[in-house]
Amino acid sequence: MRTTRMQIQWFLAACLLVFLLTARVWADSGADIATLPDSAATVSATISVTTALGSDSDNDSDTVTAGGAGYVIVEPTNPDWTHARILDIYIAFGTVQLDFDLFCLPIIGCQDLDVTIENLALTSTEPFETDVASDGSVVFVGVSFHATGQAQVMGLNGIVDESFLIDNTNTGDFSGRITGDAGALTFDELATDPVDYNADPTDLPDGVTALSFTINMNLTNVIFTGTYAEVMYPAGDLDKDLNVGLTDFELFHACFAGPDSFIPPVGCDAEMFAAADFSLDGDVDVEDFGFFQTYMLSAD
Ligand SMILES: [Ca+2]
Ligand SMILES: [Ca+2]
């Protein structure tokens, strides 16, 4: 009887330990972030045009109000943070007005080309993460941004008078600084790699054979802020994006080794193997898949 009670106590203590170890996984903070109202960005573009007149390029810039929002997860729960993951983020630039002078000749002067880009925006296509330096600086490498907008091109003696959609995805570095103070997270000192855009030749008017932009964004005055608080990941959310979906299944599948296999298979690290063992018996098998299905069905 005494032994049985001790066994129960040991069992409860073990359960508590498992709970605490499991709970540690969830000890991150999350923040909805949005731009401060006076955030401004300078968008500069170099345009290259090839027409019957030849090829030429020019650049111009415009400073516009920038707005945006996103969701950031930081580890550990309180500053100083050592790791940051951005689940999603966008920056919208409103209407950008650019005026280019092309094919400048003595006496005749330049051909004027006006470009208005409406609803220019950059939206991340998938979560990205990096370690946070002691001063808060972050460099996210190889971030995929989807650029959207509608460009209206006018000028060049009527050779160009067309509108077309900017709709392309660029991969580049995205850097900044993530700091926390008194419950607020600040993401500032932002910089991105330039966005290149090449118009589809079939979209171009007669007489224009090529049209390309390189858009540089000065984001020094774009500041995101938000309140951070401890975040609870749903069960089965192996990639910690607050959803249980296909990526989680792929991670689970990579760790699936069958009953009584206690060594992570190739392509699954020890931490993920432990996370995929939902039944907490040391393996990742059909029993764990049953749990995963339940989690997936109960997800949004
Ligand atoms: Ca997930
Ligand atoms: Ca298991």
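To be clear, the structure that these remarks concern was listed above.
The following refers to the structure shown.

What counts, and where the lines are drawn
Residues numbered from 1 in each chain as written. Chains lettered and ligands numbered in written order. Predicted model: local features only at pLDDT ≥ 70, side-chain atom pairs only at ≥ 80, totals over all residues. Helix = DSSP H or I, 4+ residues; strand = E, 2+ residues; numbered from the N terminus. Buried ≥ 20, exposed ≤ 12 C-beta atoms within 10 Å, placed from the backbone. Contact = placed C-beta atoms within 7 Å. Core = buried A, V, L, I, M, F, W, Y, C linked by C-beta atoms within 7 Å. Pairing = 2+ DSSP bridges. Axes fitted to C-alpha atoms, helices over the stretch in contact; angles between N-to-C directions.

### Topic: the overall build of the chain
Counting secondary structure elements, the chain contains four helices and 14 strands. With the C-alpha coordinates aligned to their principal axes, the bounding extent of the chain is approximately 105 × 45 × 30 Å. Taking all 300 residues of the chain together, 26% fall into the buried category. Long-range pairs, those at least 24 residues apart, make up 63% of the contacts in the chain with a sequence separation of at least 6.

### Observations regarding the nonpolar core
Ranked by internal contacts, the top residues of the largest apolar core, which has 34 residues, are A41, V43, I47, F93, L113, V115 and I215. The leading source of residues in this core is strand β13 (residues 208-221), at six residues.

### Topic: the sheet that holds strand β12 (residues 195-198)
Overall, antiparallel pairing links the four strands, which are arranged β3-β2-β13-β12 in an open sheet. A strand with exactly one partner marks an edge of an open sheet, and here the two such strands are β3 (54-65) and β12. Sheet twist, expressed as the mean angle between neighbouring strand axes with direction ignored, is 15 degrees. Of the strand pairs in this sheet, β12 and β13 are connected by four bridges, and their pairing is antiparallel. The residue bridging Y197 from the neighbouring strand is F213, located in β13.

### Re the environment of T192
On the secondary structure map, T192 appears in strand β11 (residues 184-192). Note on T192: 21 C-beta atoms within 10 Å, which makes it buried. C-alpha of T192 to C-alpha of N216: the two residues are 24 residues apart in sequence and 8.0 Å apart in space. Other than its neighbours up to four places away in sequence, T192 contacts G172, F174, M217 and L219.

### Remarks on unusual backbone geometry
Across the junction of E75 and P76, the peptide omega takes the value -5 degrees, indicating a cis bond. Residue placement: P76 occurs in the loop between β4 (67-75) and β5 (83-92). Residue P79 is joined to D80 through a cis peptide bond whose omega torsion reads 5 degrees. In this fold, D80 is placed in the loop between β4 and β5. In this structure, F103 takes a positive phi of about 50 degrees despite not being glycine. As for its placement among the helices and strands, F103 is situated in strand β6 (residues 96-105). Given 19 C-beta atoms within a 10 Å radius, F103 is considered partly exposed. Positioned with a positive phi, I107 is a non-glycine residue whose angle comes to about 70 degrees. Within the secondary structure, I107 is located in the loop between β6 and β7 (109-124). Classification of I107 as exposed rests on a count of 4 C-beta atoms within 10 Å.

### Considerations on the pairing of β13
Two strands pair when backbone bridges link them, and strand β2 (residues 40-51) and β13 are joined in this way by eleven bridges, in the antiparallel orientation. For V49, the partnering residue across the bridge sits in β13 and is L211.

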